[in-house]
Amino acid sequence: MATEAKVLLVGCGGIGGIAAAQLSRAGCDVTVVTGNPEIERVISEQGIRVRDIDGKEWRARPAQAVRSARELSGRYDVCLVATKLTTLGDVLGEVTPVLHENAPILCLQNGLPETHAAKVVGDDRVVGCVVGFGATLIEPGFSARTSSGGFQIGRLKPRSDDAELARLAALLGRGVPTKVVHDLAGVRWSKLAINCATSTLGAVGGDTLGRLLSHRFVRRLVLEVWRELCAVADCEGIRLAKVAGTIDIAKLALSDEDKRHSVGSLKLFFKHSLLLGIGLKFRRMRSSMAVAIERGRKPEIDYLNGEVVRRAAQHGIQAPLNRELVSMVHELVAKRAKPGLDTLYGVYLRLENGQLGTTGQGPSMMPRRGEPSTTTLRIE
């Protein structure tokens, strides 16, 4: 890949905007495709505006911005897809004609996008790109970074000598810290676990991550979500990678021993303490799924917790909490339920009482922050 490779970036929301701006500022030849006419207009006239974590703002101007790949002439050497997973198939169908025959396609979505992309363009062209930083779109052409991090790239089917990945890492690394990983599946499933807990519970709970994780019952839901996800990952022979090099989700997930305790244990205390620390560190973070619902967009729930539910069924095991959360988010979208702590607490009580599947029928009374439920049989 030449140094001045032509990069096509599709989707210029929070993540896509940050990526396009950083690569453009580093001198990469970046063309942005966005289906939003207002975003296209702002970028064409003013460039992309970015607010970093420290509050400082800056701008960068891509080579060009268009509303559709059909407007483009010439061929591109690499494609980064930062759209929602719900539109991935349609996007790939549109951009493939303007890419060189073997141009790699990097999937920046949450969930497990590589398997979906491979059905459209084949395994050989698909490269996974796990995004470590958080971002939100404040307004068209204006993205704010909400947490630090870079890219981790790899393939679901690793190659013994993958020179292409090394070249991609060098190209992307000019603007975004990029690392090649040989166990993409382990990294992907760890990111999936984070999204299934924080994004989905944030959407149902209707509050920031810090406020939600200050409640014991919310932390318990996180541990239960991870328990079910890890059971599915075990069936698929996947070992979850550590998050940020230290957080081992497989060990944090609620265990059979944890569930047997009628009183608190040191292990449970440690798990809750770690989640409290995460909530403190990311206390202002809002769920991207909650934002999508508020803006009338289709949330990615079917590709997050829904992915866990589908794969659990394929292996003949149950994922009742993840199934309930999928149903609950669809209730929110249909406006048959409202996000809030009471709604989330209803899910918790149905879990504790073995009543999952009775969406919307939980009690409305929620204990004050830090108090255990009077109906709970275990003290954590």
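Details of the structure are given in the entry above.
Reference entry: report on the structure contained in this document. (Residues numbered from 1 in each chain as written. Predicted model: local features only at pLDDT ≥ 70, side-chain atom pairs only at ≥ 80, totals over all residues. Heavy atoms only, no water.)

Using the criterion set out here, one finds 24 salt bridges in the structure. With its nearest N and O atoms 3.1 Å apart, the salt bridge here joins aspartate 123 to lysine 157. Of the two residues, aspartate 123 sits in the loop between α4 (113–121) and β8 (126–131) while lysine 157 sits in the loop between β11 (151–154) and α5 (163–172), which places them 34 residues apart along the sequence. Of the charged contacts in the structure, one is a salt bridge between aspartate 207 and arginine 211, with a shortest N-O distance of 3.6 Å. Relative accessible area serves as the criterion here: at 22%, aspartate 207 is assigned to the partly exposed category. Beyond isolated ion pairs, a larger network of salt bridges with shared partners links Arg220, Glu224, Lys259 and Glu352. (Salt bridge = Lys/Arg side-chain N within 4 Å of Asp/Glu carboxyl O. Helix = DSSP H or I, 4+ residues; strand = E, 2+ residues; numbered from the N terminus. Buried < 20%, exposed > 50% of the residue type's maximum accessible area, 1.4 Å probe, protein only.)

Further remarks concern the packing of helix α6 (residues 184–205) against helix α13 (residues 305–314). Look at α6 against α13: their axes get within 9 Å of each other, and the N-to-C directions meet at 120 degrees. Taken as axis vectors, α6 and α13 run oblique relative to one another. Between α6, through Trp189, Leu192, Cys196 and Thr200, and α13, the contact on the second element is made entirely by Asn305, Val308 and Arg311. For the contact of α6 with α13, the residue count by class is 4 nonpolar, 2 polar and 1 charged. (Axes fitted to C-alpha atoms, helices over the stretch in contact; angles between N-to-C directions. Parallel < 35°, antiparallel > 145°, perpendicular 65-115°, else oblique. Contact = heavy atoms within 4.5 Å. Nonpolar A, V, L, I, M, F, W, Y, C, P; charged D, E, K, R; others polar.)

This next bit is on the packing of aromatic side chains. One pass over the structure, following the stated rule, counts 4 aromatic pairs. Taken together, a centroid distance of 4.9 Å and an interplanar angle of 75 degrees make the contact between phenylalanine 217 and tyrosine 345 edge-to-face. Within this pair, whereas phenylalanine 217 is found in helix α8 (residues 216–235), its partner tyrosine 345 is found in helix α15 (residues 341–352), the two being separated by 128 residues in sequence. In terms of burial, phenylalanine 217 and tyrosine 345 fall into one category: buried. The structure contains a cluster of three or more aromatic residues connected by ring pairs, namely Phe217, Tyr345 and Tyr348. Sitting over the face of the ring of tryptophan 58, arginine 25 holds its NZ or CZ atom 3.6 Å from the ring centroid. A cation sits over an aromatic face here: arginine 145 above phenylalanine 133, 5.4 Å from the ring centre. (Phe/Tyr/Trp six-rings, centres within 6.5 Å; stacked < 30°, edge-to-face > 60°. Lys NZ or Arg CZ within 6 Å of the ring centre and 35° of its normal.)

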